[in-house]
Amino acid sequence: KRYGQNTLEQLLAIYPNEIPELTINDYPKYAHRGFMIDCSRHFFTVTEIKKQIAVMALLKLNIFHWHLTDDQGWRIAIKKYPLLTEYGAKRLQTRNDKTEVGGYYTQDEIKEIVLFCQTRGIDVIPEIDMPGHFTAACSAYPELLCTRQKVAVAEHFGILPNIACAGRDFTYQFCYDVLNEVCELFPYAYIHIGGDEALKINWLTCPDCLAKMQTENLATPEALETYFLNKMASYLMAKGKKVICWNDGISSDKIDRNIIMHYWKDNAEFTKQAIKAIAKGQKAIVSPFANYYLDYNYGITPLKKTYDYEHCFLEDNVIGLEAPIWSEYINTVNKLERLAYPRLIAVAERAWTNKPDYDSFLTRLDFFNKKLDHLLIAYTPLGEVNPWFLKRLILKLKFYFYSIDKNIIKSFIKVWQYKKKKRLH
Ligand code: ACM
Ligand code: ZN
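Notes on the structure follow. Because the structure is a prediction, the values reported are computed rather than measured.

Rules behind the numbers
Residues numbered from 1 in each chain as written. Chains lettered and ligands numbered in written order. Predicted model: local features only at pLDDT ≥ 70, side-chain atom pairs only at ≥ 80, totals over all residues. Heavy atoms only, no water. Helix = DSSP H or I, 4+ residues; strand = E, 2+ residues; numbered from the N terminus. Rg over C-alpha atoms; globule rule 2.2 N^0.38 Å. Buried < 20%, exposed > 50% of the residue type's maximum accessible area, 1.4 Å probe, protein only. Contact = heavy atoms within 4.5 Å. Areas by Shrake-Rupley, 256 points an atom, 1.4 Å probe, with all protein chains shown as cover. Lys, Arg positive; Asp, Glu negative; His and termini not counted. Charge placed at Lys NZ, Arg CZ, Asp CG, Glu CD. Phe/Tyr/Trp six-rings, centres within 6.5 Å; stacked < 30°, edge-to-face > 60°. Donors = N, O, S within 2.8 Å, 3.2 Å for Na, K, Ca; no water. Tetrahedral: all angles 85-135°; square planar, octahedral: opposite > 155°, others 65-115°. Pairing = 2+ DSSP bridges. Axes fitted to C-alpha atoms, helices over the stretch in contact; angles between N-to-C directions. Core = buried A, V, L, I, M, F, W, Y, C linked by side-chain atoms within 4.5 Å.

### Re the overall build of the chain
Of the regular secondary structure elements, the chain holds 16 helices and 12 strands. The C-alpha atoms of the chain give a radius of gyration of 22 Å, which matches the 22 Å a tight globule of 425 residues would have. On the principal axes, the C-alpha backbone points of the chain span a range of 75 × 45 × 45 Å. The 425 residues of the chain split such that 57% are buried. For the chain, long-range pairs separated by at least 24 residues make up 76% of all intrachain contacts whose partners lie at least 6 apart in sequence. By element, 55% of the accessible surface of the chain is carried by carbon and sulfur atoms, the whole surface being about 19300 Å². Charge centroids of the chain, computed over 55 positive and 49 negative side chains, lie 4 Å from each other.

Printed below as a string of structure tokens:
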């Protein structure tokens, strides 16, 4: 009924005077049609989030994936661990700009968003990223860190080594406790536990992690990571939840294949691994970095590149498509909207239709843009979404000059050092 009303409005736009007699037999290609918003790197208010959810409903998207925790801010109130939001929800500055960024959702506000989504046919999937992207949690509870050092909520971006210690009981109990409250707040099937980009350099020398590896007979930090994610997954599955992890964290053969793979890392190595795992029966959500990461500008990812993406996985095991928008360099909702729309409309159509056609899609954009005008959404106009090659080059350079700084380079060096050290072990 909900979608029928949307469709009727679309028909009225085509036949303003009288809709001819017709029968519509339509259903979505995928059960999971998602949009992810990163509310950690920058905080978006309840009102700003609701505005995007209204667009999702218009586009017949049905999954709001809410990235709530990361190195740069913890955004969900947890009753058992109040310091998570007291310390973890605020950073003093971003890349030396001397401007504080803070904010979090109270449990009442979370319930308000969940209800708002519920009335629009949208399920909310919360993401609590672990064991990596955990600096904000560690800043509030330093005993989560292998080194037990006091650290600040991250003020720079990149892959950071402040990950949860996988050797200590406290970490496991902490994560279970947080997940308990999360399961209470989100009455849906799926919980996302991140699992991406965990730089395990501290685990190589932490006595607790090394002891855990010995008692559990785990030869490498990767094996310990698999052990940790399997533990979290089985805890959630015992509560009747389905669990999602980003694909780079779950590439080991020992991972519980009931975990749903969230494919983002789309280089040859990870794609090959994903093809294999999905062919063997693992379920997957598809969010290719090069096509669906909406935080990259239209020079890097033109609309057509998003629309035309074809995945290469066994169709039966793909549960859906999802477009993420990461907010490292998005500090206003206006910027978020300029980047998200119209590319999200393209992903929504690809998640719905069995007969994709880019040119035909363009004819529908007018209708949606008028709707977005009504919702006061700052979408990018059609004339700017597929720039010609020189403009593309300029936009690419602009993005990389703006985003790459010495801290990102330092974080890449750390990843490289980790790989080198690991070989020596
Ligand atoms: C990711 O982009 N780190 C999932
Ligand atoms: Zn440790």
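### Details of the packing of aromatic side chains
Summed over the entire model, instances satisfying the criterion amount to 32 aromatic pairs. On the basis of an interplanar angle of 85° and a centroid distance of 6.2 Å, the ring pair of Phe134 and Phe174 is categorised as edge-to-face. Here Phe174 lies in helix 6 (residues 169-185) and Phe134 lies in the loop between strand 7 (123-130) and helix 5 (135-140), a separation of 40 residues in the sequence. Just as Phe134 is buried, Phe174 falls in that class too. The interplanar angle of 40° and the centroid separation of 6.3 Å between the aromatic rings of Tyr358 and Phe361 together place this pair among those described as tilted.

### Some thoughts on unusual backbone geometry
Put simply, Met130 and Pro131 share a cis peptide bond, and its omega is -5°. Cis rather than trans, the peptide bond between Tyr341 and Pro342 has omega equal to 15°. Along the polypeptide, Pro342 turns up in the loop between helix 12 (333-340) and helix 13 (343-352). Backbone geometry places Lys60, a non-glycine residue, at a positive phi of 60°. With respect to the helices, strands and loops of the structure, Lys60 is situated in the loop between helix 2 (46-58) and strand 2 (63-67). A positive phi angle is found at Asn217, which is not glycine, with a value near 60°. In this structure, Asn217 sits in the loop between helix 7 (207-215) and helix 8 (221-238).

### A word on the coordination of the zinc ion (ligand 2)
Summarising the metal site, the zinc ion (ligand 2) is bound by the protein donors Cys146 (SG), Cys165 (SG), Cys206 (SG) and Cys209 (SG), whose distances to it range over 2.3 Å. Bound by 4 donor atoms, the zinc ion (ligand 2) shows angles of 104 to 114° at the metal and therefore tetrahedral coordination geometry. Sequence spacing of the donor residues for the zinc ion (ligand 2), all on one chain, is C-x18-C-x40-C-x2-C. Linking Cys165 in the loop between helix 5 and helix 6 with Cys209 in helix 7, this pair joins segments that are 44 residues apart in sequence. Residue Cys165 is classed as buried on the basis of its relative accessible area of 0%.

### What about the sheet that holds strand 11 (residues 284-286)?
A barrel is described by the order of its strands in space; here 8 strands give the closed sequence 1-2-7-8-9-10-11-12, paired in parallel fashion. The mean angle between the axes of side-by-side strands here comes to 30°, regardless of whether they run parallel or antiparallel.

### Quick word on the nonpolar core
Judged by nonpolar contacts, the single largest core of 117 residues is most densely connected at Phe64 and Phe186. For Phe64, the residues in contact, after removing those within four places along its chain, are Phe35, Ile37, Ile49, Ile53, Met56, Ile113, Cys117, Ile122, Asp123, Val124 and Ile125. Counting residues in hydrophobic clusters, the runner-up holds 8 residues, among them Trp246, Ile300, Trp326 and Phe399.

### As for the environment of Pro161
Here Pro161 lies in the loop between helix 5 and helix 6. Given a relative accessible area of 18%, Pro161 falls into the buried group. In sequence terms Pro161 and Pro324 are 163 residues apart; their C-alpha atoms lie 23 Å from each other. Not counting residues within four places of it along the chain, the set of residues in contact with Pro161 comprises Leu199, Ile201, Asn202 and Lys414.

### Digging into the environment of Arg392
Tracing the sequence through the fold places Arg392 in helix 15 (residues 389-403). Residue Arg392 is classed as partly exposed on the basis of its relative accessible area, which comes to 25%. Those residues in contact with Arg392 that sit more than four places away from it in its chain are Gly299, Ile300, Pro302 and Pro387.

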